[in-house]
Amino acid sequence: MKGRDVITVLDFSRSEVERVFEETDAMQRALERGERLDVLRGFVMATAFFEPSTRTKLSFQTAMLRLGGSCIDLPPEELSSRAKGESFADTIRMLDAYADVIVVRHRLEGAARFAAEIAAHPVINGGDGTRDHPTQAMIDLYTVRKALGRIDGLVYGVLGDLRYGRAARSFILALTLFNPKKIYLISPPQLASRPEIIERIRERSIEYEEVRSLHEVISELDVLYVTRVQRERFPDPMEYEKVRGSYRVTAESLKGAKPNLVVLHPLPRVDELAYDVDATQHAWYFRQASFGVPLRMALLKLILRG
Amino acid sequence: MERELRVSKIAEGTVIDHIDAGRALYVLKMLGLTGSEGLTIAVVMNVPSKKLGRKDIVKVEGVILRGDQVSKIALIAPSATINIIRNYEVVEKVKVSVPPLVEGLLRCANPSCITNQAGEPVRSRFHVVSVRPLRLRCEYCGAELSHEDVVSQLVGGRE
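Each value, and the rule that gives it
Residues numbered from 1 in each chain as written. Chains lettered and ligands numbered in written order. Predicted model: local features only at pLDDT ≥ 70, side-chain atom pairs only at ≥ 80, totals over all residues. Heavy atoms only, no water. Helix = DSSP H or I, 4+ residues; strand = E, 2+ residues; numbered from the N terminus. Buried < 20%, exposed > 50% of the residue type's maximum accessible area, 1.4 Å probe, protein only. Contact = heavy atoms within 4.5 Å. Domains from an automatic or database assignment. Buried area = accessible area lost by both parts, 1.4 Å probe. Salt bridge = Lys/Arg side-chain N within 4 Å of Asp/Glu carboxyl O. Polar contact = N/O pair within 3.5 Å; in protein donor to acceptor, adjacent residues only side chain to side chain. Axes fitted to C-alpha atoms, helices over the stretch in contact; angles between N-to-C directions. Parallel < 35°, antiparallel > 145°, perpendicular 65-115°, else oblique. Left-handed = near helix turned anticlockwise from the far one by under 90°. Nonpolar A, V, L, I, M, F, W, Y, C, P; charged D, E, K, R; others polar. Core = buried A, V, L, I, M, F, W, Y, C linked by side-chain atoms within 4.5 Å. pLDDT = per-residue confidence, 0-100. Phe/Tyr/Trp six-rings, centres within 6.5 Å; stacked < 30°, edge-to-face > 60°. Lys NZ or Arg CZ within 6 Å of the ring centre and 35° of its normal. Pairing = 2+ DSSP bridges.

A. Region of the structure containing the overall build of chain B. From N to C terminus, chain B includes 3 helices and 9 strands. Along the chain direction, N to C, the helices and strands of chain B fall in the order β-α-β-β-α-β-β-β-β-β-β-α. If one aligns the C-alpha atoms of chain B with their principal axes, the spans along those axes are about 55 × 30 × 30 Å. Counting all 159 residues of chain B, 45% fall into the buried class. Here the contacts in chain B between residues at least 6 apart in sequence split such that 57% fall between residues at least 24 apart.

This is the structure:
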């Protein structure tokens, strides 16, 4: 994996993702034991986030620091040369000259791939527009594996904005590298998965079904991946009010679920996932967020050292 | 035989045969030929064809196509054959083929694609998902172009 770009989760094979998971287990153990690691001492990671981020940027930086490496960060637009009109391409070229690996987040789709074409050093996509968020998808599947011991053979529900949400999209794509028993795509029609995602699921002969409410399928699910249905996606606010209840996950809506149902959420949440779910045995999303550091440690080590 | 359509041979120029039926006018438009150039042009449409069922043929006297024009024709008429005529003889016969990658020729339909960002040194690049029906996928953002999208970009709107 040394020297590899990470643009979409589909750049990886199943066995490569499993390799990342094994390395993540090792990192997790080291963190738990409080070991001081220095496998990336002397390496520099640049973060170039052109869009807001909390978890992704901080967990990448923490991961690099925990491995003994160093971080540089592109300042916000008003404090950097981008305010003078410097292009994205030139910014990446400069970071490529300074750092050993670049993590990019951008509102435009394809920005990370473009960066990878420009940079000689590996580029990791920290989210591009409505498209990919590959490291999030790996964290999500790693959480499933931690919680239930496997990824294959389970029934998944992916709920919310499947059309514009890059986390949900990337999670579904990552699932297609494995053999889920069934994927339920739970969304209002205007936020249904794009045709290329459905095509990918079909190509892999994975059973799937598009449904309109969580209620219909909750009792069958092993994993529920929650994302937010955004008000601004609805031209008519009345339409939004009508459907929002069907896509809001509460302790009440999880009654009738399997006892070991795993609820995931890429965070941040707004009101799609009620606080009363936090106290249930289903809540895995904070542990999911915590796996961001060991998984990104694993990935950085594999990319920079092999 | 008595009903066979006859178009006289040309001395020098290009014959584009096996154009998908009904697309000859797109091919002409894409080549920038309006008829006002004074060139002798024969357009034959919807004639029987063993390969295609029905096909169109375009003959243009006095014009030899360039490579970039040939690749554009492939996107509109993927089965076309191009015959270069000199002195009434076919001196070159090329079957067009849709390349696996189409670079710099088409614009991505997604306004949020990096390739549509002004001021960035990036060329569009599409991977050909299928030839019939034509489907191209942007290598950067994954948005797809259909045959209609490609025609409207290459010939500037449908007619």
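B. Just the domain arrangement of chain A, in detail. All names here are of chain A. For chain A, the assigned domains read domain 1 (9-133 + 292-304) and domain 2 (134-289). Both sides together, the interface formed by domain 1 and domain 2 hides about 2,700 Å², and carbon and sulfur atoms give 61% of it. Along the contact surface separating domain 1 from domain 2 lie 5 salt bridges. On the surface where domain 1 and domain 2 come into contact, there are 13 residue pairs in polar contact (both at pLDDT 80 or more).

C. View of the interface of chain B and chain A. In this complex, chain B contributes 16 residues to the contact, which on the side of chain A involves 14 residues. Overall, the association of chain B and chain A removes approximately 1,300 Å² of surface from exposure, summing both partners, and the carbon and sulfur fraction of that is 49%. Interface area lost by chain B to chain A is led by Ile-114, Glu-120 and Tyr-140 of chain B, which between them contribute 39%. For the interface between chain B and chain A, the tally reads 3 salt bridges.

D. Examining the packing of helix H5 (residues 134-148) of chain A against helix H10 (residues 292-304) of chain A more closely. Residue and element names in this part refer to chain A. Contact geometry for H5 and H10: axes closest at 10 Å, N-to-C directions at 120°. Viewed along their axes, H5 and H10 adopt a mutual orientation that is oblique. At the point where H5 passes H10, the crossing takes the right-handed sense. Of the residues in H10, those in contact with Thr-135, Gln-136, Met-138, Ile-139 and Tyr-142 of H5 are Gly-292, Leu-295, Arg-296 and Leu-299. Counted by class, the contact of H5 with H10 contains 5 nonpolar, 3 polar and 1 charged residues.

E. Focus on the nonpolar core. One finds Ile-16, Ile-73, Leu-106 and Leu-136 of chain B to be the most contacted residues of the largest nonpolar core, which totals 62 residues. Once residues within four sequence positions are removed from consideration, Ile-73 of chain B is found in contact with Ile-16, Val-27, Met-30, Leu-31, Leu-65, Pro-78, Ala-80, Ile-82 and Val-96 of chain B. The next biggest cluster of nonpolar side chains, apart from the first, holds 59 residues, and it includes Phe-43, Leu-177, Leu-264 and Leu-299 of chain A.

F. Broad picture of the domain arrangement of chain B. All names here are of chain B. Segmentation of chain B into domains returns domain 1 (13-95) and domain 2 (101-155). For domain 1 and domain 2, the distance between their C-alpha centres works out to 24 Å. Taken together, the 11 residues of domain 1 in the interface contact 11 residues of domain 2. Both sides of the domain 1 and domain 2 interface together cover about 1,000 Å² of buried area, and 72% of this is carbon and sulfur. Counting every contact that joins domain 1 to domain 2 gives 1 salt bridge.

G. Up close: the confidence of the model for chain B. Counting all residues, the mean pLDDT for chain B is 89, and 94% of those residues have values of 70 or more. The secondary-structure element of chain B with the lowest mean pLDDT is helix H2 (residues 67-76) of chain B, recorded at 86, while strand S8 (residues 135-138) of chain B shows the highest, at 96.

H. Examining the packing of aromatic side chains more closely. Residues and elements named next belong to chain A. Counted according to the given criterion, the structure contains 8 aromatic pairs over all chains. Each ring, one from Tyr-142 and one from Phe-291, has its centre 5.2 Å from the other, and the planes form 85°; the classification is edge-to-face. In this pair, Tyr-142 is assigned in helix H5 and Phe-291 in the loop between helix H9 (285-290) and H10, connecting sequence segments 149 residues apart. Pair check on accessibility: Tyr-142 and Phe-291 agree, each one buried. When the ring centre of Phe-12 is taken as origin, the NZ or CZ atom of Arg-4, which lies over that ring, is 4.8 Å away. In this structure, Arg-287 packs its charged tip against the face of Trp-284, placed 3.6 Å from the ring centre.

I. Molecular detail of the sheet that holds strand S9 (residues 144-146) of chain B. Residues and elements named next belong to chain B. Here 4 strands make up an open sheet; going across it, the order is S6-S7-S8-S9 and the pairing antiparallel. Two strands in the sheet have a free side with no partner beyond their single neighbour: strand S6 (101-103) and S9. When strand polarity is set aside, the average angle formed by the axes of neighbouring strands in this sheet is 30°. Pairing geometry for S6 and strand S7 (residues 125-130), over 3 bridges, is antiparallel. By the bridge assignment for S7, Glu-103 is matched with Arg-125.

J. Geometry of the pattern of salt bridges. Residues and elements named next belong to chain A. Within the structure shown, the criterion is met by 31 salt bridges over all chains. The partner of Glu-16 in a salt bridge is Arg-4, with the nearest N and O atoms 2.9 Å apart. Of the two residues, Glu-16 is situated in helix H1 (residues 14-32) and Arg-4 in the segment before H1; the sequence distance between them amounts to 12 residues. For Glu-16, a relative accessible area of 22% gives the class partly exposed.

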